[in-house]
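# Fold and geometry: a report
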Amino acid sequence: MREERKGIPKLSKRILGLKARMGSSISIGIVFWGIVLGSVVSAQPLSTDQTILDIIDPNAINTSLTFDKRYPKVEGNPYLYADWVKGEVKSPAGKVWKDMELNYDLYTQELLAKFDDKTVLLSPKAIGSFSCVDPLEVTLNFEKNTSIAPKGYVHPVYQGTYSLWKQFSVRLNTIENNSGGYGQGGNAKEVQRFERADTWYLLRPDSQKPEIFKPSRKELFRLFPQRSNELKKFIKSSRLSLKNDQDWVQIMQYLEGH
């Protein structure tokens, strides 16, 4: 995502100036929210009478303006999307905020939103679910489900007798990078890089505890050892690679229908 720090020094001066004029009894946090509310609500129409103050994380006041550059020295993309996408946020009580610009930090499992050209962190306590629509018009839905994953949000891949969930995530790896190339006398240095490491969960109808697995043939046969032979035939006849969500949806449908 592109850097969006332009205008932040001016905003900081406005905050400090207002604080000085209003007296020491008014905290800097209150002034911050006043500025954000006045400049953002008019720019981002909401589908309810709620304001952004209901979903912005109050603990992120001091850092919410610079979230687009959270990892300046790390290679790779820690976000679900390369740029902002349109989305919708719903509170646990069912209140909806539509036409928002969202992105999801896969490293910290935090939902970010763009308001008035600034980036803010949305409070996990105020959000029950959200959805994003990418440039190809593909919609992904996410839910907060602590019985599946204790932190962040999970994407429901399949919901039936069996349930499949996926938590999009990245891990931070440290690798050795030889800047001069092998045999060229280059100095090796360590480089940090984000790499995708999604976690999959299977919930059986007779269990309340999800099983963590990796989406592969080997893992499928481990999960269903008594049906491995028929699954092998189904995978071959259906030409499934098990490398995408839709293949796993077909597997779950087969298991429930046979």
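See the structure printed just above.
Residues numbered from 1 in each chain as written. Predicted model: local features only at pLDDT ≥ 70, side-chain atom pairs only at ≥ 80, totals over all residues. Heavy atoms only, no water.

## Looking at the packing of helix α4 (residues 228-238) against helix α5 (residues 245-257)
Selection rule: Structural elements are reduced to axes, namely lines fitted to C-alpha atoms, with helices fitted over the stretch in contact, and the angle between N-to-C directions of any two is expressed from 0 to 180 degrees. The way it works is that DSSP assigns letters per residue, a run of H or I at least four long becomes a helix, a run of E at least two long becomes a strand, and they are numbered from the N terminus. Roughly parallel means an angle under 35 degrees; roughly antiparallel, over 145; roughly perpendicular, 65 to 115; everything else is oblique. Here is the rule for handedness: rotate from the far helix to the near one, and if that takes an anticlockwise turn smaller than a right angle the crossing is left-handed, while a clockwise turn gives right-handed. Note on contacts: a residue pair is in contact if any heavy atoms of the two residues lie within 4.5 Å. Here the nonpolar group is Ala, Val, Leu, Ile, Met, Phe, Trp, Tyr, Cys and Pro; Asp, Glu, Lys and Arg are the charged ones; every other residue, Gly included, is treated as polar.
In the contact formed by α4 and α5, the axes pass within 11 Å of each other and the chain directions differ by 130 degrees. The angle between α4 and α5 places the two elements in the oblique class. Pair α4 / α5 crosses with right-handed handedness. Mapping the contact onto sequence places E230, L231, F234, I235 and S238 in α4 and Q250, I251, Y254 and L255 in α5. Considering only residue class, the contact of α4 with α5 consists of six nonpolar, two polar and one charged.

## Topic: the sheet that holds strand β12 (residues 211-213)
How we decide: DSSP bridges decide pairing: two strands pair if at least two such bridges lie between them.
Here four strands make up an open sheet; going across it, the order is β7-β8-β11-β12 and the pairing antiparallel. The two strands at the open ends of the sheet, each matched to only one other strand, are β7 (155-159) and β12. With strand direction ignored, the average angle separating the axes of adjacent strands in the sheet is 25 degrees. As defined by bridge partners, β7 adjoins strand β8 (residues 163-167) across four bridges and the pair is classed as antiparallel. The residue of β8 that forms the bridge with H155 is K166.

## Remarks on the pairing of strand β11 (residues 199-203)
Keep this limit in mind: With a 1.4 Å probe rolled over the protein chains alone, any residue whose accessible area is under 20% of its type maximum counts as buried; one over 50% counts as exposed, and the rest are partly exposed.
Within β11, four of the five residues are buried, which leaves it mostly tucked inside the rest of the structure. The sheet contact formed by β8 and β11 spans five bridges and is antiparallel. Bridge pairing links S163 to L203 in β11. Direction of pairing for β11 relative to β12: antiparallel, over a ladder of three bridges.

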